[in-house]
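Descriptive structure summary
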Amino acid sequence: EKKEEMLRRNARLRREYLYRKGLEGKDREAYYKKQQVKRALNIAAATGLSTKKQLISNELREEVTSRLADIRYDDKKTAIPKSLLQDDEYARAGVMDPKVLVTTSRKPSSRLTMFSKEIRLLIPNSVRMNRGTTQIKQLVDTARGQEFTDIVMVHEHRGVPDGLIISHLPFGPTAFFGIMNVVMRHDIQENLVPLSEAYPHLIFSDFESLLGKRAVNILKYLFPVPKEDSKRVMSFVNKDDFISFRHHIYKTERGLQSSKFSFEYLLLPPRSALEYRFAPRLRWKTLSRTRRPSTRHQF
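Only a predicted model underlies this, so the values are computations on that prediction, with no experimental measurement involved.

Rules used throughout
- Residues numbered from 1 in each chain as written.
- Predicted model: local features only at pLDDT ≥ 70, side-chain atom pairs only at ≥ 80, totals over all residues.
- Heavy atoms only, no water.
- Helix = DSSP H or I, 4+ residues; strand = E, 2+ residues; numbered from the N terminus.
- Buried < 20%, exposed > 50% of the residue type's maximum accessible area, 1.4 Å probe, protein only.
- Contact = heavy atoms within 4.5 Å.
- Areas by Shrake-Rupley, 256 points an atom, 1.4 Å probe, with all protein chains shown as cover.
- Pairing = 2+ DSSP bridges.
- 1 Å grid on protein atoms, 1.4 Å probe; cavity = no way out; pocket = protein on both sides within 12 Å on 5 of 7 lines; lining within 4 Å.
- Points joined across faces, edges and corners; volume = space filled by probe spheres on them.
- Nonpolar A, V, L, I, M, F, W, Y, C, P; charged D, E, K, R; others polar.

1. A closer look at the overall build of the protein
When you go through the protein residue by residue, the secondary structure sums to six helices and nine strands. Taking all 299 residues of the protein together, the buried fraction comes to 38%. Long-range contacts, defined as pairs at least 24 residues apart, comprise 67% of the intrachain contacts of the protein with a sequence gap of at least 6. Carbon and sulfur atoms provide 51% of the accessible area of the protein, an area that totals close to 18500 Å².

Dropping the structure here:
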């Protein structure tokens, strides 16, 4: 009975989610139409044209009057739909700390197991689970039942970590990252600093496109909100559609004869480069409903 109740609940929640997504599509369409009308008004004012409809597409001319009324009552909060600024699935992000499940592909090598342990140390409030023979659908259902917010799964090729999957629960999105040039703590035997587990500050550089901002949301909401005095920093720097990940801690020192501060940064493993692979047609699905894409996307 409990299983049937859970299945009915998941089906109902998914229907509600898809209904909200449909409303978001309508809001986006209305926003782009208003932007076209605004653009026509600005061009008409700049060039002195008396007929603004000449600058508007035929499909939109019948709606000009209603769109002008919408524009007139827009303010700073309602001019841009929230769905353009932040995905609906992350609307409650920041209210509660995320809870992340870290696991591996089946039959992981010892190196992949070590890598998953380091991923667990990187992400606060995360739990590592040995995959064993668990199927993906069972894994997702278990994570939903335990109220996890995300699943992070690492893959390998001949003992070398080469893939990272991040799936947001309960309904997605799911992002696929290729991993290259991984340097783990286990690879460095000397002068290892104890790894801080404080909530980190995050730095994202050069994610300007809509796809880039979506990637930022997927990565950013794996981490809880840090305290202001946290000395732990993680950076994601996009260059030529490859994301360089670095992990730092820093300390400040005040001079004895001066009020100036000096900063000292220390680079900590693990570090790597990520290649973003995204499934646009499956972006609202969880891990159990997606297939691994083969196309690389630009930010």
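2. Considering the pairing of strand β5 (residues 174-183)
Within β5, seven of the ten residues are buried, which leaves it mostly tucked inside the rest of the structure. Linking two consecutive strands that pair antiparallel, namely strand β4 (residues 160-168) and β5, is a turn of five residues; a positive phi of about 115° is found at Gly 172 within it.

3. What to know about empty space enclosed by the protein
In this approach a probe as big as a water molecule rolls over the atoms, and the regions it shows empty are the leftover space. According to the stated counting rule, one finds two cavities of 30 Å³ or more in the structure shown. Estimates place the volume of the largest cavity at around 230 Å³. Around the largest cavity, the lining comprises 17 residues; the ones closest to its centre are Ile 119, Leu 122, Leu 164, Phe 236 and Phe 245. Taken together, the elements giving at least two residues each to the lining of the largest cavity come down to α4 (110-122), β4 and β9 (261-278). With four residues, β9 is the largest single contributor of residues to the lining of the largest cavity. Partitioning the lining of the largest cavity into residue classes produces 15 nonpolar, one polar and one charged.

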